[in-house]
Amino acid sequence: MRRTKLLELKAVHKAYAGVEVLHGVDLTGDRGEVIGVVGANGAGKSTLIKILAGAETMTAGELLIDGTQTRPGSPHDAHQHGIRTVYQELTLAPELTVTENLLLGRFPRKRGLIDWRAAHEQTKTLLDDIGFTSINPRQKAGRLSVAKQQMVEIAKALVAKPRVLVLDEPSAVLAGSDLDALFALIRRLQQQDTLVIYISHRLVEVLELATQIVVMKDGAVIATTIPAQTDEDELIRLMAGRRLEQIYPDRRAATDQPALVTKNLARDNEFRDVDLTIHKGEILGLFGLVGSGRTELAHCLFGATRPDHGWIELGGTPHTFKTPQDAIAAGLALVTEDRKGSGIVPDLTVRENVALTTLYATTRGGLVDQKAQRTAVQAMVDRLDIRPAHCATMPVVRLSGGNQQKAVLAKWLLKKPRVLILDEPTRGVDMATRVAIYRMVDELARSGVAVLLISSDLTEVLGATDRVLVMREGRIAGELRSEGATEDQVLAYSIGRAA
Amino acid sequence: MTLTKVDNPTTEARSATTFSLGHAAIGLVVLVLAIAAVTTDAFLTQTNLTNLLKQMVTTGLLAYGMLVVILTGGIDLSVGSVVAFAGILTAGLSSGLPLPVAMLVGIASGVLFGLVNGTLVARFELAPFVVTLAALTTIRGLAFVYSDVPIAPEDESFFWLGSAMLGPIPLTTVIMLAVFLVGGVFLHRTPAGRSIVAIGGNAETVRLAGISVRKHVLLAYTISGFCAGLAGVILASRVGIAQPSVGVAFELDAIAACVIGGASLAGGKGSAAATLGGVLVLALINNLLNLYNVQSFWQQVLKGLIIIAVILVHRASRRRT
Ligand SMILES: Nc1ncnc2c1ncn2[C@@H]1O[C@H](COP(=O)(O)OP(=O)(O)OP(=O)(O)O)[C@@H](O)[C@H]1O
Ligand SMILES: [Mg+2]
């Protein structure tokens, strides 16, 4: 007789109000396995794991755990079966501390009351154990960077010692030592016989970690393979349905005309002594580990926060941006890293989200010019291949994560900025679309736009840029020409070990 | 394995369905109430219908202003007090000033209160609930300070606004409908209106898109103040006497109308047309319970239950999508 597997999904179908998005998906996993799930944006990966997590119910199909048929009707049910999920979007309660988020419902008690000291200690031990040492248990979750929040999410899933751990794009916001910690953690869980389901658009990671790779496309599993028998190119080809000839565009010659210059820019406790120059037509990369101050710098450049020292110059004249409005008026644009927190208005349609930056500019007789808006947005939807193609009238939350990201990008492209700041623009975006985004950014640069590309993806930060700045602990720690530089060089600067 | 396409043109149709289902819920209630109405002889009389139309004006005006504030994710508890203040100020001034001027000053007082509320919420980032709760008691106090006894203007023209008819329809009802019409276009078609809706959905996204959150929040409270001022002037004129104690708990009916119309108190969701539906539902409930001679305490109980029922219907219709 066949030994029962830990987890079996059979012919899972899922429809949202009559529209089927999963068409009979099979997935089998056993103790100690790491299943890598890959697929283009909107392929149905998140939907599949939401079903597993009890957050959505399947329209048809079977779920077997240890060979017994079950159907988790709620996340609570799934927890009972030992299934824990870290979702693609952050779900921490921002006003609660890290400890409260982690131990909610299982606080240590002393004489009936919560023993806070023990609770914080317990949290600290837990975080240390899994290698996330840089997080303060007493901090409010909402104050943490996206990367740290992601780590807390993972820790939260592990508190209950799950048998199945599902991670939906956990690495999208992590880099460097944090990423190493995550990988080490997954390997340890694997040894402890946990089944890990790992969704990622970073194929190299999947090839490194997975014992089994499942490729999804358009709501179905189109291939199942193992790392030894495949490679990145093949996976990309399977996912996209075609070969991608070239990932990064050929380099252009940047001008030497400065578009944006900062002088001694500083904000207390965030970054200091930042002197940088972005030239017209240049794509400047900015790499740094979590907490290095990259995002804070971007927000300050954009007028979302005010500098404590120093100033910004555009075309040679000093500017002070009191608000993002001032920065936008001066030709700046910022695609933020926190899509849910500051990128989208969830319940508004894709059209209204994309049109937000041009809302006041697209009017006729005082009213929003709906026709012009429709045309402009649809052109963006087509150009960025935001799916489904008729998504303009859908609330943006109903799009898959990667497609939401494209909508955020579209919003700023529509504004036609002169200086474009991109903070993790390809977070959660599939390979084919990344290529499209790189090409578009390249086109913008060719037309004279200055681009600041902030990224935790080493390959991207070198491949898509002309020059790279590395930030460490709030300062610019190094500068490299992208051409010929190695990932190790960039990393070395970021951890302060440069020769 | 087949490669069926995920993208499917019916998604568009689906979002349209969600929309109409929400409205269908209201339509249904209105229908049921209308049927109930036909079963009593007293309902379809000229006097009763005129009364019904006049009575919904105050709640209607307040509800529109409330909707705009609720859309930003806020709340305006002060509107009942503003009704009292604007009314008594207008009545008091009408003995010395020309009536239209007195009325404009009354409305302007509402605008001013709205500006103050808005400034405290938008500029000083205080919680809307707290700010407008404080305003509720302050403005009520001011109404009593202005006159602690009711003021009944002698001049016949004072009653004109509240009693004039345009054919079979009271003038004030037409004014209210005009507010909803213009207000609906404002909310759904102008950049400022869309910004207000977006702010309720995610203020930080809007701020970073280069739209001033402060200005729009300020605008929302000012609109609510304007509506409350206008409602106060109209009410005083209809009743013929301005009382400093009028309008207690009016804010609750206004909020109820928005909620029945499907607005979310978290902000970002709601429409002018559906809110008008909510106003109609409330007015019909009140009117019917009166006609059936239901005791007023029971009226309150029933009203509460009906509101819950309507919201449950809403919820169910949303779930289905
Ligand atoms: N609540 C919903 N209502 C309607 N359609 C939805 C809803 N949630 C997801 N979808 C649709 O289901 C499809 C699959 O989405 P899903 O989020 O599973 O994709 P994904 O593979 O996780 O993509 P990504 O890599 O971008 O995260 C998409 O076409 C999406 O628009
Ligand atoms: Mg996803």
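Everything numeric here is computed off the predicted structure, so don't read it as measured data. (Residues numbered from 1 in each chain as written. Chains lettered and ligands numbered in written order. Predicted model: local features only at pLDDT ≥ 70, side-chain atom pairs only at ≥ 80, totals over all residues. Heavy atoms only, no water.)

Below, the discussion takes up the layout of surface pockets. All names here are of chain A. Size it by volume and the second largest pocket reaches roughly 1300 Å³. Along the wall of the second largest pocket there are 43 residues; nearest its centre are Gly 142, Arg 143, Leu 144, Gln 149 and Asp 338. The residue makeup of the lining of the second largest pocket includes at least three contributed by each of domain 1 (7-240) and domain 2 (258-494). (1 Å grid on protein atoms, 1.4 Å probe; cavity = no way out; pocket = protein on both sides within 12 Å on 5 of 7 lines; lining within 4 Å. Points joined across faces, edges and corners; volume = space filled by probe spheres on them. Domains from an automatic or database assignment.)

So, about the packing of helix α3 (residues 79-93) of chain B against helix α4 (residues 99-123) of chain B. To describe two helices that pack against each other, one gives the angle between their axes and the distance between the axes. Residues and elements named next belong to chain B. Two elements in contact, α3 and α4, have axes separated by 8 Å at closest approach and are oriented at 150 degrees. Here α4 runs roughly antiparallel to α3, going by the angle between their axes. The handedness of the crossing between α3 and α4 is right-handed. Within the contact between the two elements, α3 uses Val 82, Phe 85, Ala 86, Leu 89, Thr 90 and Leu 93 and α4 uses Ala 102, Met 103, Val 105, Gly 106, Ser 109, Gly 110 and Phe 113. (Axes fitted to C-alpha atoms, helices over the stretch in contact; angles between N-to-C directions. Helix = DSSP H or I, 4+ residues; strand = E, 2+ residues; numbered from the N terminus. Parallel < 35°, antiparallel > 145°, perpendicular 65-115°, else oblique. Left-handed = near helix turned anticlockwise from the far one by under 90°. Contact = heavy atoms within 4.5 Å.)

Time to look at the environment of Met58(A). Residues and elements named next belong to chain A. Note on placement: Met 58 falls in the loop between α1 (45-52) and β4 (60-65). The spacing of Met 58 and Val 12 is 46 residues in sequence and 6.6 Å in space, taken between C-alpha atoms. Discounting chain neighbours no more than four positions away, the residues touching Met 58 are Val 12, His 13, Lys 14, Ile 51, Leu 63 and Arg 71.

What follows is about the coordination of the magnesium ion (ligand 2). Residues and elements named next belong to chain A. The magnesium ion (ligand 2) binds to the protein through Ser 46 (OG) and Gln 88 (OE1), with metal-donor distances spanning 1.9 to 2.2 Å. On the criterion of sequence distance, the pair formed by Ser 46 in helix α1 and Gln 88 in the loop between β6 (83-86) and α3 (98-103) is long-range, its members being 42 residues apart. Across the pair, exposure class does not vary: Ser 46 and Gln 88 are buried alike. (Donors = N, O, S within 2.8 Å, 3.2 Å for Na, K, Ca; no water. Buried < 20%, exposed > 50% of the residue type's maximum accessible area, 1.4 Å probe, protein only.)

So, about unusual backbone geometry. All names here are of chain A. Cis geometry is adopted by the peptide bond preceding Pro 388, which originates at Arg 387 and carries an omega value of -5 degrees. In the Ramachandran plot, Glu 169 falls in the positive-phi region, its phi being about 50 degrees despite a non-glycine side chain. Locating Glu 169 in the fold gives a position in the loop between β9 (164-168) and α6 (176-191).

A few words on the pairing of strand β17 (residues 309-314) of chain A. Remark: a regular strand shows side chains that alternate across the two faces of the sheet. Residue and element names in this part refer to chain A. Inspection of the sheet shows strand β13 (residues 258-267) paired to β17 by five bridges, in the antiparallel sense. Within β17, the position partnered with Leu 260 by the bridge is Leu 314. Two strands pair when backbone bridges link them, and β17 and strand β18 (residues 317-319) are joined in this way by three bridges, in the antiparallel orientation. Paired with Glu 313 across the strands is Pro 318, a residue of β18. Hairpin remark: β17 followed by β18, antiparallel, with two residues in the connecting loop; positive phi at Gly 315, about 50 degrees. (Pairing = 2+ DSSP bridges.)

All names here are of chain A. Tracing the sequence through the fold places Ala 253 in the loop between α8 (232-240) and β13. Of the residues examined, Ala 253 reaches a relative accessible area of 75% and is grouped as exposed. Taking C-alpha positions, Ala 253 is 35 Å from Val 38, a pair spaced 215 residues apart along the chain.

With that settled, the discussion passes to the confidence of the model for chain A. Confidence along chain A averages 91 in pLDDT terms, with 99% of residues attaining 70 or more. Per-element mean pLDDT across chain A ranges from 88 in strand β7 (residues 109-110) of chain A up to 97 in helix α12 (residues 350-354) of chain A. (pLDDT = per-residue confidence, 0-100.)

Turning our attention to the nonpolar core. Within the largest apolar cluster, 92 residues are counted, with the highest numbers of intra-cluster contacts made by Leu356(A), Leu61(B), Tyr64(B), Met66(B) and Val206(B). When neighbours within four sequence positions are excluded, Val206(B) is seen to be in contact with Val345(A), Leu356(A), Ala198(B), Ile199(B), Ile211(B) and Val213(B). Counting residues in hydrophobic clusters, the runner-up holds 68 residues, among them Leu265(A), Trp412(A), Ile437(A) and Tyr438(A). (Core = buried A, V, L, I, M, F, W, Y, C linked by side-chain atoms within 4.5 Å.)

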